[in-house]
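# Remarks on the overall topology
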Amino acid sequence: MSSENPKPSNFIRAIIDEDIKNGTFQGRVHTRFPPEPNGYLHIGHAKSICLNFGIANDYEGGLCNLRFDDTNPIKEEAEYIEAIKEDVRWLGYDWGDREYYASDYFEQLYEYAIKLIKDGKAYVDDLSAEEIREYRGTLTEPGKESPYRNRTVEENLDLFQRMRAGEFPDGSRVLRAKIDMASGNLNMRDPVMYRVLHATHHRTGDKWCIYPMYDWAHGQSDSIEGITHSLCTLEFEDHRPLYDWFIEALGIHHPKQIEFARLDLTYTVMSKRKLLELVQEGYVSGWDDPRMPTIQGLRRRGYTPEAIRDFAERVGIAKKRDSIADIAMLEHCLREDLNRRALRVMAVLHPLKVIIDNYPEGQVEELEAVNNPEDDSAGTRMIPFSRELYIERDDFREDPPKKFFRLAPGREVRLKHAYFITCTDVVKDEKTGEVIELHCTYDPESRGGASPDGRKVKGTLHWVSAAHAIDAEVRLYDHLFNKPNPMEVEEGGNYKDNLNPDSLVTLTHCKVEPSLKNAEPGSRYQFLRQGYFCVDTVDSTKEKLVFNRTVGLRDSWAKIEKK
């Protein structure tokens with residue numbers, strides 16, 4: 001890539017361009033994506049991934065590290081690490097040989113802490129967590145100094161080394177930076193750097209019983225890796241003075257921390273805690289449930305990495321305000337991408353049998369159908385046509401309202417890729433009165449969907465041949481919540497009160513065209529007139545196909561019917 005930045009500018013790129021111009025980091029651009037391995041990544045993380053890796057890709061010699069901030073052994077699991085790596089790769093990014101862990105630096109961080117103690121800039125405190133909170137003060141009142149704040153350097157070194165040696169129980173002592181208990185920024189009021197925690201770490205085992213706090217590990221890890229631009233979400237803005245203080249106190253390489261607004265999305269929640277609740281309490285089937293905003297969930301639903309990268313580019317980078325993006329924009333990016341790449345097929349979700357009385361019994365024709373009108377290279381396929389078909393139940397009305405142009409008694413419509421048919425008779429269930437079968441005639445001269453006499457029909461329906469159709473389960477997914485902001489609740493209410501009871505509707509008697517017999521898990525299609533669907537990667541088998549609705553098409557009839 002070139003140092004001439006080809007992408008639309010934003011305030012972060014402007015800062016980097018200025019740094020390159022001024023030779024601030026010898027012209028280097030080195031970013032990192034630093035997830036905590038304590039949950040699955042969601043669409044908000046995808047924005048950060050696209051930003052950090054995207055910026056590195058846009059500048060000549062630019063690099064981006066993948067670093068796991070694994071400083072809390074209680075909440076971390078190896079499964080999250082593998083899932084995060086899979087997600088970043090799936091989005092189209094590569095960290096090369098630069099996969100790092102904060103735990104790689106535990107020894108170095110310990111030595112840095114020793115240096116701060118020797119310089120009189122850190123001390124061991126015996127106050128309990130609750131007492132530390134009390135002593136910290138408030139936004140309007142200064143904090144109080146701990147009675148242990150003025151221990152000698154020798155005493156602090158001795159206690160800190162004994163903390164590491166495992167002499168003290170959990171929570172009994174902490175190491176704190178000695179900064180300013182009267183600071184207007186609460187983060188600068190002697191923040192905790194280490195706590196005693198006898199817990200097995202997923203990488204270091206039982207080697208350590210003191211663990212660094214995120215604020216202490218984060219900036220120093222950036223420095224050790226030679227990061228130039230440390231891009232963080234807006235909640236870290238108040239932490240920047242501490243980030244800078246640690247680095248300056250140690251006299252080590254000083255990256256530039258830059259904050260940007262994090263991304264929220266309508267009709268969902270992004271909090272790891274809330275997403276975990278939804279999983280644990282059974283509101284969704286797991287972290288990869290296609291209704292979840294996790295990258296694994298979006299992927300299973302049928303989203304493409306290209307659509308998510310496009311979305312991240314379009315929402316842009318805001319400086320001062322956390323942004324709430326409309327999920328309709330994400331769905332628009334997805335439709336645009338799938339319109340270009342998805343093969344068109346026919347699937348009937350609510351089947352109604354049609355018998356063409358004047359079509360020869362036992363005859364089967366192969367009709368040619370275009371796979372994707374947006375992509376000539378996708379070619380064509382042959383689909384079987386026979387005397388008995390299935391059409392969509394909603395495509396027939398016995399007493400059609402105005403502007404309903406589909407099939408009705410005495411009315412002629414076009415079957416996509418096939419013939420004109422006219423409804424001549426309606427068969428109903430004797431007990432319920434439900435329509436169970438239609439009888440029609442076809443015009444043999446209208447093969448391909450046009451008549452030699454030039455007559456027009458207004459309705460075009462999709463269909464499948466009854467004898468050749470494959471049974472499938474289709475899962476119709478919708479928004480997880482029925483309010484744009486799920487946190488908008490009545491007094492005493494809970495965000496779960498806003499869960500959408502119709503976020504998943506499962507249809508078990510669908511009929512799909514035979515070309516889908518060997519559809520691979522994860523493959524994406526446009527079901528004509530229905531929407532975009534993909535083969536489920538977890539539950540679909542050769543014996544029982546399962547399709548997930550990724551996103552619907554714009555439905556002009558639904559709008560008219562609503563009015």
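For the structure itself, look to the data block above.
The subject of this paragraph is the pattern of salt bridges. All told, the structure shown has 50 salt bridges when counted by the stated rule. Here D119 ties to K115 by a salt bridge, and the two come within 3.0 Å at their closest N and O atoms.

Their axes nearest at 9 Å, the elements helix α2 (residues 43-58) and helix α11 (residues 305-315) cross at an angle of 75°. Comparing their axes, α11 and α2 come out roughly perpendicular. Contact with α2, carried on its side by I43, A46, K47 and C50, involves I308, R309, F311 and A312 of α11 and no other residues of that element.

A few words on the environment of V413. Inspection of the secondary structure assignment puts V413 in strand β18 (residues 412-415). Here the alpha-carbon distance between V413 and P452, two residues 39 residues apart in the chain, equals 15 Å. Sequence-distant contacts of V413, defined by excluding residues within four places in its chain, comprise F405, R406, L407, Y419, F420, I421, V457, G459 and L461.

Right, let's get into the packing of α11 against helix α12 (residues 327-341). At a closest axis distance of 9 Å, the pairing of α11 and α12 adopts a crossing angle of 140°. Considered as vectors, α11 and α12 are oriented oblique to each other. Remark: the crossing between α11 and α12 carries right-handed chirality. From α11, E306, A307, D310, F311, R314 and V315 reach across to α12, where they touch M329, L330, H332, C333, L334, E336, D337 and R341.

We now examine unusual backbone geometry. The phi dihedral of D190 falls on the positive side, at around 50°, and the residue is not glycine. Along the polypeptide, D190 turns up in the loop between β5 (174-177) and β6 (192-196). We classify D190 as buried; its relative accessible area is 0%. The phi dihedral of Y267 falls on the positive side, at around 65°, and the residue is not glycine. Mapped onto the secondary structure, Y267 falls in the loop between β10 (263-265) and α9 (272-280).

Here helix α1 (residues 11-22) is 12 residues long and its end C-alpha atoms lie 17 Å apart, about the 16 Å a rise of 1.5 Å per residue gives. Those residues of α1 lying buried are F11, I12, R13, I16 and D19. Tucked inside the fold, the buried residues of α1 contact α2, β8 (229-233) and β9 (256-260). The N-cap of α1, judged by a side-chain oxygen 3.0 Å from the amide nitrogen of I12 a few residues on, is N10. After α1 finishes, the residue G23 shows a positive phi value of roughly 65°.

The next point concerns the pairing of β9. Of all 5 residues in β9, 4 are buried, a share of seventy percent or more. When β8 meets β9, the two strands line up parallel, connected through 5 bridges. Considered in β9, the bridge of H229 is made with K256.

Count 3.6 residues to each turn of an α-helix, and residues three or four apart come out pointing the same way. Here helix α7 (residues 214-224) lies mainly inside the structure; 9 of its 11 residues are buried. Within α7 the residues assigned to the buried category are Y214, W216, A217, H218, G219, Q220, S221, D222 and S223. Remark: G226 follows α7 within two positions and exhibits a positive phi of approximately 75°.

Another point: the packing of aromatic side chains. On inspection of all chains with the given rule, the structure shows 20 aromatic pairs. Measuring from centroid to centroid gives 4.9 Å for W216 and F246, while their planes differ by 70°, and the two rings are edge-to-face. Here the residue W216 occupies a position in helix α7, and F246 occupies one in helix α8 (residues 240-250), the gap between them amounting to 30 residues. In terms of burial, W216 and F246 fall into one category: buried.

What counts and how
Residues numbered from 1 in each chain as written. Predicted model: local features only at pLDDT ≥ 70, side-chain atom pairs only at ≥ 80, totals over all residues. Heavy atoms only, no water. Salt bridge = Lys/Arg side-chain N within 4 Å of Asp/Glu carboxyl O. Axes fitted to C-alpha atoms, helices over the stretch in contact; angles between N-to-C directions. Helix = DSSP H or I, 4+ residues; strand = E, 2+ residues; numbered from the N terminus. Parallel < 35°, antiparallel > 145°, perpendicular 65-115°, else oblique. Contact = heavy atoms within 4.5 Å. Left-handed = near helix turned anticlockwise from the far one by under 90°. Buried < 20%, exposed > 50% of the residue type's maximum accessible area, 1.4 Å probe, protein only. Expected span 1.5 Å × (residues − 1). Polar contact = N/O pair within 3.5 Å; in protein donor to acceptor, adjacent residues only side chain to side chain. Pairing = 2+ DSSP bridges. Phe/Tyr/Trp six-rings, centres within 6.5 Å; stacked < 30°, edge-to-face > 60°.

Taken by themselves, the reported measurements are silent on function.
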